[in-house]
Amino acid sequence: MAVKVAIIGAGCSGLAAIKCCLEEGLDPTCFEKSDDIGGLWKYSETVEEGRASIYQSVFTNTSKEMMCYSDFPMPEDFPVYLHHSKILEYLHLYAEHFNLLKYIQLQTEVCSVKQSEDFTTSGQWNVEIETHDNENVKRKVMIFNAVIVCNGHYNDPYMPLNGFPGIEHFKGNYIHSRFYKTSEKYHGKTVLVVGTGNSAGDISVELSHSAKQVYLSTRHGSWVVSRISHGGFPIDMTMSRRCVVWIKNLLPNILAAKISESIMSGWFDHSNLGLEPKFRLKHPVVNDYLPSQILQGSIKVKPGITSFSETSVTFEDGTMAEVNEVIFATGYSSKFPFLDIKLIKLNDNDVSLYKYVFPIHLEKPTIAFLGLVQPLGPIMPTVELQARWVARVFK
């Protein structure tokens, strides 16, 4: 009898998991809370509870050749860097080509995943689901031999307000970047963006074309690289090569770090723009327009924040700015509301997983997590490799 596998989420990780399970002769059932596949790449005008949310202008920062699944190239007529709508289109093409849709139950939420009473011998799981169909809500418990968690880690916004004294007195508006959709409501306003990840860079640049002034606050700085490399090739096609990784692994860590730093600072001197990282090996930001918007004054880079008042913010360098709006691009926390906290131990957003996939303390390796990594490159081929391994372990 085939091993029955529950897959939670029908985004890029979940789709790869279905396909890999089928290739190993397993029997997958994928549960997706929303009304369509795509996960993070399923754009919505409103923010949906429990689902990842992206802004309307999102483009990929990895090229289509590098981010596609290994056995399903992106269409030739797709541009090199893709709008989120093209990624969703690609995921639909992938699901249809490999006939994955019939294994997905849409509008079905996983409420709980619990070990069966005989877990130590069977490794089975009791999965409680809630199905929404024409306003009718039905709950039932199903038994599976294994579970693959693919719900992503962009659902629970991390917003450490206790680290910003006086924010409770601020009379302007403040949100997490999860709730940002377009720049329309920020026209003519002074906006503070907190953080220097990819979202912070994208949002700052977009706002700089319509806002009165944009301030970008960064405590630690960040490397900024262009999507375009030598000869017009995508940056990831020139950097993510076997020979580059091979040479890097041969060198002492300090020397490899200095070479990487030299390459990432080759575009411009980060210290001149207030972006020089305090931590030398920080994950770079991919943004083609941020340096020019800083140079023309549309974006002003500021250090960390010491305090807020009703209408202004004071920075660590002693300067102060009057602001109307604040957007916290401060990242996300991993969250698994359907799991007992004992099953996966979260410690300051770090999880105790072997190879970031399997919990290390369970008697049976019958639950796995995909996509809880931040590779220096695209996530799709990464989760595909994880899914292959997981399916073979379950088999």
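Residues numbered from 1 in each chain as written. Predicted model: local features only at pLDDT ≥ 70, side-chain atom pairs only at ≥ 80, totals over all residues. Heavy atoms only, no water.

In terms of helices and strands, the chain carries ten helices and 24 strands. In summary, the chain has a C-alpha radius of gyration of 22 Å against a globular reference of 21 Å for 395 residues, a match within 12%. Projecting the C-alpha coordinates of the chain onto the three principal axes gives extents of approximately 65 × 50 × 40 Å. Per-residue burial over the chain gives 49% buried out of 395 residues. Here the analysis covers contacts within the chain between residues at least 6 apart in sequence; of these, 62% occur between residues at least 24 apart. Distance from the positive charge centre (37 side chains) to the negative charge centre (42 side chains) of the chain: 4 Å. (Helix = DSSP H or I, 4+ residues; strand = E, 2+ residues; numbered from the N terminus. Rg over C-alpha atoms; globule rule 2.2 N^0.38 Å. Buried < 20%, exposed > 50% of the residue type's maximum accessible area, 1.4 Å probe, protein only. Contact = heavy atoms within 4.5 Å. Lys, Arg positive; Asp, Glu negative; His and termini not counted. Charge placed at Lys NZ, Arg CZ, Asp CG, Glu CD.)

Before going further, it helps to spend a moment on the packing of helix α1 (residues 12–23) against helix α10 (residues 380–394). At a minimum axis separation of 8 Å, α1 and α10 run at an interaxial angle of 40 degrees. Considering the relative orientation of α1 and α10, their crossing is right-handed. Every residue of α10 that contacts α1 at C12, S13, A16, A17, C20 and C21 is listed here: M380, V383, E384, A387, R388 and A391. Taken together, the residues of the contact of α1 with α10 sort by class into nine nonpolar, one polar and two charged. (Axes fitted to C-alpha atoms, helices over the stretch in contact; angles between N-to-C directions. Left-handed = near helix turned anticlockwise from the far one by under 90°. Nonpolar A, V, L, I, M, F, W, Y, C, P; charged D, E, K, R; others polar.)

It is worth spelling out the side chain of Q213 at this point. Inspection of the secondary structure assignment puts Q213 in strand β11 (residues 213–217). A relative accessible area of 13% means that Q213 is categorised as buried. From its side chain, Q213 meets the backbone oxygen of G297 in a polar contact 3.1 Å long. Ignoring any residue separated from it by four or fewer positions in sequence, one finds Q213 in contact with K189, T190, V191, G297, S298, I299 and K300. (Polar contact = N/O pair within 3.5 Å; in protein donor to acceptor, adjacent residues only side chain to side chain.)

Turning our attention to the sheet that holds strand β6 (residues 136–144). The three strands are arranged β4-β5-β6 in an open sheet whose pairing can be described as antiparallel. This sheet does not close on itself; its edge strands, each paired only once, are β4 (108–115) and β6. In this sheet, adjacent strand axes meet at a mean angle of 20 degrees when their direction is disregarded. Pairing of strand β5 (residues 125–133) with β6 involves nine bridges; the strand directions are antiparallel. (Pairing = 2+ DSSP bridges.)

Strand order across the open sheet formed by five strands is β9-β18-β10-β11-β14, with parallel pairing between neighbours. Looking at which strands have only one partner, the edges of the open sheet turn out to be β9 (173–176) and β14 (299–302). Between one strand axis and the next, the sheet turns through 20 degrees on average, direction left out of account. Across five bridges, the pairing between strand β10 (residues 190–194) and β11 is parallel. Its bridge partner being in β11, V194 is matched across the sheet by S217.

According to the domain assignment, the chain contains domain 1 (4–154 + 334–394) and domain 2 (159–226 + 267–328). Opposite the 20 residues of domain 1 that make contact, domain 2 presents 13 residues. Carbon and sulfur atoms make up 49% of the area that domain 1 and domain 2 hide from each other, which totals about 1200 Å². Linking domain 1 with domain 2 are zero salt bridges, by the criterion used here. For the side of domain 1 that touches domain 2, a count of residues per class yields eight nonpolar, eight polar and four charged. (Domains from an automatic or database assignment. Buried area = accessible area lost by both parts, 1.4 Å probe. Salt bridge = Lys/Arg side-chain N within 4 Å of Asp/Glu carboxyl O.)

Further remarks concern the pattern of salt bridges. One pass over the structure, following the stated rule, counts 15 salt bridges. Two residues, K33 and E109, come together in a salt bridge whose shortest N-O distance is 4.0 Å. A residue pair is termed long-range when its members are at least 10 positions apart, and K33 in the loop between β2 (27–31) and α2 (64–67) and E109 in strand β4 qualify at 76 residues. According to the relative accessible area criterion, K33 is partly exposed, its value standing at 36%. On the accessibility criterion, E109 (25% relative accessible area) is partly exposed. Across the pair R139 and E128 runs a salt bridge, and its minimum N-O distance is 3.1 Å. Placement of the pair is R139 in strand β6 and E128 in strand β5, with a sequence separation of eleven residues. One salt-bridge network, held together by shared partners, links D35, K42, E48 and R51.

Bringing the packing of α1 against helix α3 (residues 84–97) into the picture now. Interhelical geometry of α1 versus α3 gives an angle of 15 degrees and a closest axis separation of 11 Å. The orientation of α1 with respect to α3, classified from their angle, is roughly parallel. Helix-helix and strand crossings are classified by hand; for α1 and α3 the assignment is left-handed. Facing α1, whose interface residues are C12, L15, A16 and K19, α3 presents L91, Y94 and A95. Here the residues of the contact of α1 with α3 sort into six nonpolar, no polar and one charged. (Parallel < 35°, antiparallel > 145°, perpendicular 65-115°, else oblique.)

Moving on, we get to the pairing of strand β18 (residues 325–328). Residues E325 and I327 point to one face of β18 and V326 and F328 to the other, with burial holding for every one of them. When β9 meets β18, the two strands line up parallel, connected through four bridges. Considered in β18, the bridge of H176 is made with F328. Bridge count for β10 against β18 is four bridges, and the pairing is parallel. From the neighbouring strand, V191 faces β18, where its bridge partner is E325.

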